[in-house]
Amino acid sequence: MVSKDEASDILEAQALIWKHIFSYVNSMSLNCIVELGIPDAIYKYEKPMSLSVLASMLPINSEKIQSLSRLMRIVTQSASSMGEKYIAQDGNEEEVYQLTKLDNFS
């Protein structure tokens, strides 16, 4: 049987491992965003843009739009959030992307 102190130590170690894993994922996602030129594309568009518009401006295969969606979800949930919900004229809610003040420094 594991004591309370040992269980606490194991839990702390697991939390530290998860923290490092997610830090790696966030930094690699940010690297992909920069390499794809996503901040530049959003800046040139000059207004919030949908995923489909963003995908059309990037040098990626159309079959990779689902992967782009996942990448953007990771980035918008990190500290440099550049996504927000937008209600379109037809009443549908969609995610749009725009640069924040923090993103303008990169």
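Above this text sits the structure in question.
Here's a quick rundown of the structure. Keep in mind that this is a model prediction, so the values were computed, not measured.

Conventions adopted
- Residues numbered from 1 in each chain as written.
- Predicted model: local features only at pLDDT ≥ 70, side-chain atom pairs only at ≥ 80, totals over all residues.
- Heavy atoms only, no water.
- Axes fitted to C-alpha atoms, helices over the stretch in contact; angles between N-to-C directions.
- Helix = DSSP H or I, 4+ residues; strand = E, 2+ residues; numbered from the N terminus.
- Parallel < 35°, antiparallel > 145°, perpendicular 65-115°, else oblique.
- Left-handed = near helix turned anticlockwise from the far one by under 90°.
- Contact = heavy atoms within 4.5 Å.
- Nonpolar A, V, L, I, M, F, W, Y, C, P; charged D, E, K, R; others polar.
- Expected span 1.5 Å × (residues − 1).
- Buried < 20%, exposed > 50% of the residue type's maximum accessible area, 1.4 Å probe, protein only.
- Arc of directions from axis to C-beta.

### Details of the packing of helix H1 (residues 4-36) against helix H4 (residues 65-76)
Between two packed helices, both the angle of their axes relative to each other and the distance between the axes serve to describe the pair. Relative orientation of the contacting elements H1 and H4 amounts to 120°, with a least axis distance of 9 Å. Here H1 is positioned oblique relative to H4, judged by the angle of their axes. When you trace H1 past H4, the crossing you get is left-handed. Mapping the contact onto sequence places Val25, Asn26, Ser29, Cys32, Ile33 and Leu36 in H1 and Leu71, Met72, Ile74 and Val75 in H4. Residue composition of the contact of H1 with H4, grouped by class: eight nonpolar, two polar and no charged.

### Some details on H4
Helix length check: H4, at 12 residues, gives a terminal C-alpha distance of 16 Å against a target of 16 Å (1.5 Å per residue), a fit within 8%. All buried positions along H4 are accounted for by Leu68, Leu71, Met72, Val75 and Thr76. All buried residues of H4 lie within an arc of 130° about the axis, which places them on one face of the element.

By themselves, these observations are geometric and do not establish any function.
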